[in-house]
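A closer look at the structure
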Amino acid sequence: MKLIIDTDPGIDDAMAIAYAAAAPEIDLIGLTTVFGNTHVHQSSRNARFLADKLGLSIPVAEGASVARHAESHSPSEHVHGPEGFGDLTDIPQVGENHHLNAAEFLVEMAQRHKDELVVCAVGPLTNIADAMQLDPGFAGNIRRLVIMGGAVYCPGNITAHAEANIYHDAKAADEVFSNPPETVLVGLDVTLKTLYETADFEALAQSSPDMGSFLRDISRFYLQFYRDIGGLEGCGLHDSTAVIACSHEPMFDTVETGLQVVLDGEEFGATQPHPSRPPVRVCKDVDGAGVVRLFTERVASLP
């Protein structure tokens, strides 16, 4: 499977990229970056750093710095730390970004790998909406779009109604859902059923002294956030669950429905069923223990 991850690294993004690098069924051909957990220039630096750490010679194409019609963005420092990797703040600049921006890169790769490319979007959907606008054939060229986002049948995590990735560019998300490619939505309905606990990180570090220890160390900040806010003794494998959904669909129970995103009022950013829109597959349940086990097995194989 040829895969591009559209990402805003981010602690759980780092985990997802590590999983994709380790998964034998995935050919990770690039990363596109977007604002979200961090400013976009931090996302790109972190993505290049991760690619280098994982021994991946893949392009990193930088994308949107703000949401549609927004003038600025405030990163989620309280969740992911000031530089995106928890308490780690000295992150080196490695290499350079691709000469194409994210939307251009996505369009080019979709044309080059027509009907093969899977795009996994684990940040705001601005780059995806931009690619669809840039090339009306983009949606038909990709094999599938898998989105980590939304809280269709459960409460949100940034407001009572909205999940953070969708909320951060609700307009772009609504544009994507108005005329989507073949799409699977992996939202909070399932990702909070894949808790990864401190003991899991410790075991991962034992098996993978370099990458596993790195993920354990940066995740301490993230785990403390979950403990403080939700009283949970683990973090959801949000982005990793979406990457796993790209290749392990039988682990998920889905329903088909069109979707809309609320663009005003108290429920701004909510992802809601909309029966007159083209259907997407919304994940409603997951083999959570299986996802945790598969993530561990794959990432534990890394140095």
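See the structure shown above.
As a starting point, this report considers the structure included with it. A quick note: this is a predicted structure, and the numbers were derived from the prediction, not measured.

1. Comments concerning the overall build of the protein chain
Within the protein chain, the secondary structure is distributed over 13 helices and 12 strands. Taking 303 residues into account, the globule formula puts the C-alpha radius of gyration at 19 Å, and the protein chain, at 17 Å, falls close to it. Overall, the protein chain is about 50 × 40 × 40 Å in size when its C-alpha atoms are taken along their principal axes. Counting over 303 residues, the protein chain shows a buried share of 59%. Long-range pairs, those at least 24 residues apart, make up 80% of the contacts in the protein chain between residues at least 6 apart in sequence. Total accessible area on the protein chain is roughly 11,600 Å²; 48% of this is exposed by carbon and sulfur atoms. Computed over 19 positive and 43 negative side-chain charges, the separation of the two mean positions in the protein chain equals 5 Å.

2. Some words on the nonpolar core
Proteins that are soluble and globular tend to have nonpolar side chains buried together. With 62 residues, the main nonpolar core has Leu-3 and Leu-215 as its most contacted residues. Here this core takes nine residues from helix α1 (residues 11–22), the largest share from any one element. Those residues within four positions of Leu-3 in sequence are excluded, and the remaining contacts are Ala-20, Ile-26, Asp-27, Leu-28, Ile-29, Gly-30, Leu-117, Val-118, Cys-120, Val-243 and Cys-246. Judged by nonpolar contacts, the second largest core, of 34 residues, contains Leu-117, Ile-142, Ala-172 and Val-261.

3. Some points on the packing of aromatic side chains
In total, this model carries nine aromatic pairs according to the counting rule given. Among the aromatic residues, those joined into a cluster by ring pairs are Tyr-19, Tyr-196, Phe-201 and Phe-295. The ring of Tyr-153 carries the charged tip of Lys-284 above its face, separated from the ring centre by 4.5 Å.

4. Some remarks on the pattern of salt bridges
All told, the structure shown has 18 salt bridges when counted by the stated rule. Among the salt bridges present, the one from Arg-216 reaches Glu-202, with a minimum N-O distance of 3.5 Å. Placement of the pair is Arg-216 in helix α11 (residues 211–230) and Glu-202 in helix α10 (residues 198–207), with a sequence separation of 14 residues. With a relative accessible area of 18%, Arg-216 lands in the buried category. Between Glu-249 and Arg-281 there is a salt bridge whose closest N-O contact spans 2.6 Å. With Glu-249 in the loop between α12 (238–247) and β9 (252–257) and Arg-281 in strand β12 (residues 280–286), the pair connects residues that are 32 residues apart, well separated along the chain.

5. What to know about the pairing of strand β5 (residues 144–148)
Of all five residues that make up β5, five are buried, and the element is covered over most of its length. Of the strand pairs in this sheet, strand β4 (residues 117–121) and β5 are connected by four bridges, and their pairing is parallel. Following the sheet pairing, Ala-121 is matched in β5 by Ile-147. Relative to strand β6 (residues 183–186), β5 is paired through four bridges, and the arrangement is parallel. Considered in β6, the bridge of Leu-145 is made with Thr-183.

6. Points about the side chain of Asp-13
Inspection of the secondary structure assignment puts Asp-13 in helix α1. The side chain of Asp-13 is buried and forms no salt bridge, while Arg-45, the nearest opposite charge, is found at 12 Å.

7. Section: the sheet that holds β9
Here we have eight strands laid out as an open sheet, ordered β3-β2-β1-β4-β5-β6-β12-β9, and mixed in their pairing. Single-partner strands in this sheet number two, and they are β3 (60–62) and β9. The mean inter-strand angle of the sheet, taken between neighbouring strand axes irrespective of direction, is 25°. Relative to β4, strand β1 (residues 2–7) runs parallel, the two sharing five bridges. Each bridged residue has a counterpart across the sheet, and for Ile-4 the counterpart in β4 is Val-119.

Conventions we followed
- Residues numbered from 1 in each chain as written.
- Predicted model: local features only at pLDDT ≥ 70, side-chain atom pairs only at ≥ 80, totals over all residues.
- Heavy atoms only, no water.
- Helix = DSSP H or I, 4+ residues; strand = E, 2+ residues; numbered from the N terminus.
- Rg over C-alpha atoms; globule rule 2.2 N^0.38 Å.
- Buried < 20%, exposed > 50% of the residue type's maximum accessible area, 1.4 Å probe, protein only.
- Contact = heavy atoms within 4.5 Å.
- Areas by Shrake-Rupley, 256 points an atom, 1.4 Å probe, with all protein chains shown as cover.
- Lys, Arg positive; Asp, Glu negative; His and termini not counted.
- Charge placed at Lys NZ, Arg CZ, Asp CG, Glu CD.
- Core = buried A, V, L, I, M, F, W, Y, C linked by side-chain atoms within 4.5 Å.
- Phe/Tyr/Trp six-rings, centres within 6.5 Å; stacked < 30°, edge-to-face > 60°.
- Lys NZ or Arg CZ within 6 Å of the ring centre and 35° of its normal.
- Salt bridge = Lys/Arg side-chain N within 4 Å of Asp/Glu carboxyl O.
- Pairing = 2+ DSSP bridges.
- Axes fitted to C-alpha atoms, helices over the stretch in contact; angles between N-to-C directions.

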